[in-house]
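Now for the letters of each chain:
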Amino acid sequence: MSGAILVLSGPSGAGKSTIIQAAAPEIGEYYFSISTTTRKPRSGELNGVDYNFVSVEEFEEGIKAGDFLEYARVHDNYYGTSMKPVREALERGLLVIFDIDVQGHRLIRAKLNDITTSAFITPPTLFELEKRLKSRCSDDLTVIEKRLRNAKEEIMAVGEYDFTIINDDVEQASKEFTIIAKAARLKHSREDEETFVRNWLAKS
Ligand code: ADP
Ligand code: 5GP
């Protein structure tokens, strides 16, 4: 059987990275899709680990070459998912986890709906999101304001997701994420299901 996809979205500062890290020991083998972005690295972020950091020119060449499974402009920067490593991970039967925005989720749904599960992560309130963005100390005030404006639009898409995780307490949120990740792994492509049915019938 081939792999499956778990899309995680939610406002910047919702706690997506924190939750993936907390749940990682519990969810078994997975491949985290490292996105490519034109955003500048935050302090502590590593090229090739957190993101592949590239120039606008490099990103636009990637678009022309058809390298991206999906890409979007978020907060005035490009963000995109490279096709090749995702395809390889799916072929190895792995669960592939994406941390992408609502536009990216729509594009993945359009292309790979049958193997996709999705969860929207959010702090309990907009006020709490603002507190967390400020306490992370990784962005200046103008950037934080832009992210908060974007968050007010993103939250409107919560109904497009299979699950919502309200990240009030990290431990509880990562338990919920673990359950969702384990279920996501069990989703099979239509092609795999058809092969299974053919074999099932043939062995009567
Ligand atoms: P994202 O990956 O969604 O942008 P982060 O995981 O970087 O968000 O989290 C944003 C900030 O909020 C970090 O400083 C993180 O330590 C903090 N944080 C995450 N979850 C919680 C929580 N449940 N309670 C309080 N602070 C949290
Ligand atoms: P940040 O700058 O906080 O790391 O990410 C900003 C937003 O971009 C987040 O909502 C994150 O989920 C989204 N994002 C990160 N990588 C990708 C990607 O490859 N594609 C899309 N569409 N969104 C992404």
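Residues numbered from 1 in each chain as written. Chains lettered and ligands numbered in written order. Predicted model: local features only at pLDDT ≥ 70, side-chain atom pairs only at ≥ 80, totals over all residues. Heavy atoms only, no water.

K.L.:
Help me understand the overall build of the chain in this model?
P.N.:
In terms of helices and strands, the chain carries eight helices and nine strands. Since a compact globule built from 204 residues should have a radius of gyration of about 17 Å, the 18 Å found for the chain is in line with a globular shape. Taking the principal axes of the C-alpha coordinates as reference, the chain spans close to 65 × 40 × 30 Å. The 204 residues of the chain split such that 44% are buried. Partitioning the intrachain contacts of the chain with sequence separation of at least 6 by distance along the chain shows that 70% fall at a separation of at least 24. (Helix = DSSP H or I, 4+ residues; strand = E, 2+ residues; numbered from the N terminus. Rg over C-alpha atoms; globule rule 2.2 N^0.38 Å. Buried < 20%, exposed > 50% of the residue type's maximum accessible area, 1.4 Å probe, protein only. Contact = heavy atoms within 4.5 Å.)

K.L.:
What is the right way to look at the packing of helix α5 (residues 126-136) against helix α6 (residues 141-154) in this model?
P.N.:
A pair of packed helices is characterised by two quantities: the angle between their axes and the separation of those axes. Look at α5 against α6: their axes get within 11 Å of each other, and the N-to-C directions meet at 150°. Classified by the interaxial angle, the pair formed by α5 and α6 is roughly antiparallel. Relative to α6, the crossing made by α5 is right-handed. Residue-level inspection shows L126, L129, E130, L133 and K134 of α5 in contact with α6, the latter providing L141, I144, R147, L148, A151 and K152. Among the residues forming the contact of α5 with α6, the class breakdown is seven nonpolar, no polar and four charged. (Axes fitted to C-alpha atoms, helices over the stretch in contact; angles between N-to-C directions. Parallel < 35°, antiparallel > 145°, perpendicular 65-115°, else oblique. Left-handed = near helix turned anticlockwise from the far one by under 90°. Nonpolar A, V, L, I, M, F, W, Y, C, P; charged D, E, K, R; others polar.)

K.L.:
Which parts of the structure should I look at to understand the environment of R136?
P.N.:
Within the element layout of this structure, R136 appears in helix α5. R136 gets classed as partly exposed once you look at its relative accessible area, which sits at 36%. With 123 residues separating them along the chain, R136 and G13 place their C-alpha atoms 8.0 Å apart. Contacts of R136, omitting those with residues within four sequence positions, involve S12, G13 and R42.

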